[in-house]
Amino acid sequence: MVCLGNICRSPMADGLLRKKVADSGLNVRVDSAGTSAYHVGDAPDHRMIETGNQCGVPIDFLRARQFVKSDFDEFDLIYGMDNQNVTNMLSMATSEGERQKVRLILNEVNPKSNEDVPDPYYGTMDDFMHVFTLLDKATDRIMQKIGTGEKW
Ligand code: 4NP
């Protein structure tokens, strides 16, 4: 799960999918990163932590790191939260196989619509809750696809 800072959207996506994977007993490795180095080593934004806590999804243990080229080797699927994140990751890819791993997360909910998870950093608590709701839906859909072995 990848966003710009790795302190708002991608930690929430990471925490949601981690919890759903753990609850289901599946063996899937989940992680998150930011395309920027602005917040490396930081805990998630306190407003995202608060929203997660309200909804039963703890993310306070996560720490920000920057997306690195070797993530293409480590992971089968790499979800960008917005179109800019996807563009930035694609600029680091050096093979068709790497490019194929990069997806826009809300396309799992509305295929080919190319919608962004809006950046809540300069927003209100309602914006953080909206991010949670979008990512809850997207991670439900990802779990469904993992569960049925549906084609990605
Ligand atoms: P995120 O939100 O990409 O969802 O983690 C942001 C966090 C920090 C900044 C921008 C977006 N920033 O400019 O510091």
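My aim in this report is to walk through the structure given alongside it, one point at a time.

### Remarks on the overall build of the protein
Stage number 1. Tallying secondary structure elements over the protein gives six helices and four strands in all.
Stage number 2. When its helices and strands are written in sequence order, the protein yields β-α-β-α-α-β-α-α-β-α.
Stage number 3. A globule of 152 residues ought to have a C-alpha radius of gyration of about 15 Å, and the protein, at 14 Å, matches this closely.
Stage number 4. Expressed as a percentage of the 152 residues in the protein, the buried residues total 45%.
Stage number 5. Contacts in the protein between residues at least 24 apart in sequence constitute 69% of all its contacts with a sequence separation of at least 6.
Stage number 6. In the form shown here, the protein has an accessible surface area of approximately 7,700 Å², with 50% of it arising from carbon and sulfur atoms.

### Quick look at the site of the ligand
Stage number 1. Neighbouring the ligand are Cys 3, Leu 4, Gly 5, Asn 6, Ile 7, Cys 8, Arg 9, Tyr 38, His 39, Asp 119 and Tyr 121.
Stage number 2. In this structure, Gly 5 approaches the ligand through a main-chain N or O atom, which is 2.9 Å from an oxygen atom.
Stage number 3. Between the ligand and the protein, one listed contact pairs an oxygen atom with a backbone N or O atom of Cys 8 at 3.0 Å.
Stage number 4. Notes on the ligand: free accessible area 350 Å², of which the protein chains cover 91%.
Stage number 5. Partitioned by chemical class, the residues of the shell around the ligand number six nonpolar, three polar and two charged.

### Let's talk about helix α4 (residues 83-90)
Stage number 1. Listing the buried residues of α4 in full gives Asn 85, Val 86 and Met 89. Seen from one end, α4 has its buried residues packed into an arc of 100°, which puts them on one side.
Stage number 2. Summarising the contacts, the buried residues of α4 are in contact with β1 (2-3), α1 (9-24), α3 (71-74), β3 (78-80) and β4 (102-104).
Stage number 3. Near the N-terminus of α4, the side chain that reaches the backbone nitrogen of Gln 84, with its oxygen 3.0 Å away, is that of Asp 82.

### Regarding unusual backbone geometry
Stage number 1. With a phi close to 60°, Asn 6 is a non-glycine residue in the positive phi region.
Stage number 2. Tracing the backbone shows Asn 6 in the loop between β1 and α1.
Stage number 3. Here Asn 6 falls in the buried class, since its relative accessible area comes to 2%.
Stage number 4. Phi is positive for Asn 114, close to 55°, though the residue is something other than glycine.
Stage number 5. Summarising the element assignment, Asn 114 is placed in the loop between β4 and α6 (125-148).
Stage number 6. Taking the relative accessible area as the measure of exposure, Asn 114 reaches 43% and is therefore partly exposed.

### Overview of the nonpolar core
Stage number 1. With 29 residues, the main nonpolar core has Met 1, Met 12, Leu 17, Met 81, Ile 105, Val 117 and Leu 135 as its most contacted residues.
Stage number 2. Where this core is concerned, the elements lending two or more residues are α1, α2 (46-54) and α6.
Stage number 3. The biggest single contributor to this core is α6, with eight residues.
Stage number 4. Residues contacting Leu 135, with those up to four places away along its chain left out, are Arg 9, Met 12, Ala 13, Leu 16, Met 81, Ile 105 and Val 117.

### Here we look at the packing of aromatic side chains
Stage number 1. By the definition in use, this model includes two aromatic pairs.
Stage number 2. Measuring from ring centre to ring centre gives 5.3 Å for Phe 67 and Phe 72, while their planes differ by 85°; the resulting arrangement is edge-to-face. There is no split in this pair, since Phe 67 and Phe 72 are both buried.

The rules behind these values
- Residues numbered from 1 in each chain as written.
- Predicted model: local features only at pLDDT ≥ 70, side-chain atom pairs only at ≥ 80, totals over all residues.
- Heavy atoms only, no water.
- Helix = DSSP H or I, 4+ residues; strand = E, 2+ residues; numbered from the N terminus.
- Rg over C-alpha atoms; globule rule 2.2 N^0.38 Å.
- Buried < 20%, exposed > 50% of the residue type's maximum accessible area, 1.4 Å probe, protein only.
- Contact = heavy atoms within 4.5 Å.
- Areas by Shrake-Rupley, 256 points an atom, 1.4 Å probe, with all protein chains shown as cover.
- Near = heavy atom within 4 Å.
- Polar contact = N/O pair within 3.5 Å; in protein donor to acceptor, adjacent residues only side chain to side chain.
- Nonpolar A, V, L, I, M, F, W, Y, C, P; charged D, E, K, R; others polar.
- Arc of directions from axis to C-beta.
- Core = buried A, V, L, I, M, F, W, Y, C linked by side-chain atoms within 4.5 Å.
- Phe/Tyr/Trp six-rings, centres within 6.5 Å; stacked < 30°, edge-to-face > 60°.

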